[in-house]
Amino acid sequence: MQVFRVAVWLPAVKFLTIAHDPVHNLQHRMESNGLVSRRRFAERIIAGLGLSAVGERLSLAAPARPPSLLLFLSDDLGYGDLGCYGNPINRTPQLDALARSGCRFTDAHAASTVCSPARAALLTGRHPYRLGLYYLVEKDAHLRREEISVASLLKARGYDTCFVGKWHVSRLGEKNMGQPSPSDFGFDHWFATEHNAFEGPHNPRDFIRNGVRVGEAKGWYCDVIVAEALEWLRRRPDPQRPFFIYACSHEPHTPLSPPDTYAELYATAELDRHQGSVHYGGVPRPEVDLSENRKYYHGTITQLDDAFGRLLKGVGSAAPAHEPVVIFTSDNGPEYPVNAIESGGRWQDPLRDRSFGTAGPLRGMKRYTYEGGHRVPLILRWPGQVRPGTLSDELVNGTDLLPTLCDLAGAPVPTDRTIDGTSFLPLVEGRPLARPLPALWASPAGYSFTPNLAMREGRYVLTAWFAPRPVGQRWIEYMTTTRLGDYELYDLRTDVGQSENLASREPKRVEQMAATLARLWAGILAEAPRWKEWDRREG
């Protein structure tokens, strides 16, 4: 795969490196816009600005106040699920417009391949295994009260803070077992479900508002959380204070049941016409014909897009003089129907038969440490700072969101603990990103059909498998003592679909990266809590 790179000037003053998009044909766009050569293009910009070298910055006055911040996290949305990421079916005009008005990242990742670990890492900037989240929140495994969240840091900086939607990093309500709530992590106002809307998503019944159970909430999940966030904005005592809204939709997690008006947008003939161009990460799908279920997934994506658009419009109206910084992303790769590889033929989950998400050209889906399990859409809109319509191919990880949001707000990042992420604002300001630790992703405890770990260094990714679990050993002991081996090596610059394992051809690189991975893994395990009650649920 050929790679094209150009340098693009941003009003914020610097240069953003833009690269190949594996879904779109950038070569055609470059040629049609006269961007034939990176050197020639850069020389034209330098001459026009009177600069001596690419990367030299212009001055920019500091903002009069910290910007308001909106972080929207979708659930199980795949890298290839949006129109702006090349999906030929899904209609996502609101998110496509967001991409045109900001920066779209083509190498962005959730911090995990599954829900709870990814969300805990996002809140803290720390690898989920370092937090003791090896799988979902279960028994005593949860995000501990002593962890510092991004909301707490922003609140200390003077922000009003609001959480709406799926929480899933600790237990809530009557059976919380003394675990912390969003209030303990710095949210002034919260309206949350503990996990998924399995009784919905229409008229969900499990919402809790600031510790008090609400009862049935009328409407669909994504619409309900948007309405709550906008009502909170309207009622704030001081509308001049900056705000931080963290909104977590249930969609497009199962169950998938959008309004008929959305499902019926996708006629069977249209889906048949495009279906051959949609890929599912090489993950086997059931032999039974599930095509009648496709419209529910595609309709849910458009429903989510509409809800996000309403939130964006309402947030903009609440602060017309200070447009918020907006970040949209997903918590992991797309879901797929239960298959024999995952279940061993022992169990089924009919709700997942409506899962038609795609990771685009990537290998793997949700739970997989191959790229499709954690590479996700990420769009940043920063009015007046990021030139509309830009692309970035730089690696961004879910652990980077805490440092980035703190950077935007002028809030300090904790120095008394390991922070795995780093602010990616330097990328939109033309400076190199200095990552303190390599990005590392883990599969949920107990899954044996995918490598257990994947570590990235530049263009290369190394995967590793855990040694088999001894018969009778508790999962907590296994997860915190197991050894690594059976490495695979991929060059993502030439093989984004991870089809060619280079381990046997590049043994020195494998040896060097394996040594780095071993040190990183040992440091994570040294911090990881040993839960007394947790034992991974089987099946």
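Residues numbered from 1 in each chain as written. Predicted model: local features only at pLDDT ≥ 70, side-chain atom pairs only at ≥ 80, totals over all residues. Heavy atoms only, no water.

Using the criterion set out here, one finds 38 salt bridges in the structure. Put simply, aspartate 76 and lysine 366 hold a salt bridge, and the shortest N to O gap is 3.1 Å. Of this pair, aspartate 76 sits in the loop between β3 (69-74) and α3 (93-101) while lysine 366 sits in the loop between α10 (340-343) and β11 (378-381); the two residues are 290 residues apart in sequence, bridging distant segments of the chain. Residue aspartate 76 is classed as buried on the basis of its relative accessible area, which comes to 1%. Here lysine 366 falls in the buried class, since its relative accessible area comes to 4%. Note that arginine 417 is salt-bridged to aspartate 416, the shortest N-O span being 2.9 Å. For arginine 417, a relative accessible area of 25% puts it in the partly exposed group. Here the salt bridges do not stand alone but share partners, grouping Arg126, Arg130, Arg144, Glu146, Glu147, Asp416, Arg417, Asp420 and Glu527 into one network. (Salt bridge = Lys/Arg side-chain N within 4 Å of Asp/Glu carboxyl O. Helix = DSSP H or I, 4+ residues; strand = E, 2+ residues; numbered from the N terminus. Buried < 20%, exposed > 50% of the residue type's maximum accessible area, 1.4 Å probe, protein only.)

Okay, the sheet that holds strand β13 (residues 439-442) next. Reading across from one edge, β13-β14-β15-β16 is the order of the four strands in this open sheet, with antiparallel pairing throughout. Looking at strand neighbours, the two that pair on one side only are β13 and β16 (484-491), the edges of this open sheet. Taken over all neighbouring pairs, the strand axes of this sheet differ in orientation by 20° on average, direction set aside. Pairing analysis gives five bridges linking strand β14 (residues 453-457) to strand β15 (residues 460-466), with the strands arranged antiparallel. For arginine 456, the partnering residue across the bridge sits in β15 and is valine 461. (Pairing = 2+ DSSP bridges. Axes fitted to C-alpha atoms, helices over the stretch in contact; angles between N-to-C directions.)

Right, let's get into the nonpolar core. Core analysis: the biggest nonpolar cluster contains 98 residues, and Tyr134, Ile245, Met479 and Trp534 have the highest contact counts within it. Once you skip the residues sitting within four places of it in the chain, tryptophan 534 turns out to touch Tyr134, Tyr135, Leu136, Glu138, Asp140, Ala141, Ala445, Arg474, Trp475, Ile476 and Met479. Counting residues in hydrophobic clusters, the runner-up holds 48 residues, among them Val137, Val169, Leu402 and Ala411. (Core = buried A, V, L, I, M, F, W, Y, C linked by side-chain atoms within 4.5 Å. Contact = heavy atoms within 4.5 Å.)

This part is about helix α6 (residues 221-235). For α6, spanning 15 residues, the distance from its first C-alpha to its last is 21 Å, which sits close to the expected 21 Å at 1.5 Å a residue. By the burial criterion, the buried members of α6 are Tyr221, Cys222, Val224, Ile225, Val226, Glu228, Ala229, Trp232 and Leu233. Those residues of α6 hidden inside the fold are in contact with β5 (160-166), β6 (189-193), β7 (208-209), β9 (243-248) and α9 (294-318). (Expected span 1.5 Å × (residues − 1).)

Further remarks concern the sheet that holds β11. Taken in spatial order, the ten strands of this open sheet run β8-β7-β6-β5-β9-β3-β10-β11-β4-β12, and their pairing is mixed. The sheet terminates laterally at β8 (212-213) and β12 (390-392), the two strands that pair on one side only. Bridge analysis of β3 against strand β10 (residues 325-330) gives six bridges, and the strand direction is parallel. The partner of leucine 71 across the bridge, within β10, is isoleucine 327. Along the sheet, helix α4 (residues 115-124) makes contact with β3, β5 and β9, crossing β3 at roughly 165°.

Here the focus is unusual backbone geometry. With an omega of 10°, the peptide bond between glycine 200 and proline 201 qualifies as cis. Assignment of secondary structure puts proline 201 in the loop between β6 and β7. Note the cis peptide between glutamate 251 and proline 252, where omega equals 0°. Position of proline 252 relative to the elements: it lies in the loop between β9 and α7 (260-263). A positive phi is found at aspartate 76, a non-glycine position, where the angle reads about 70°. For aspartate 486, which is not a glycine, the phi torsion comes out positive at approximately 50°. Among the secondary structure elements, aspartate 486 is positioned in strand β16.

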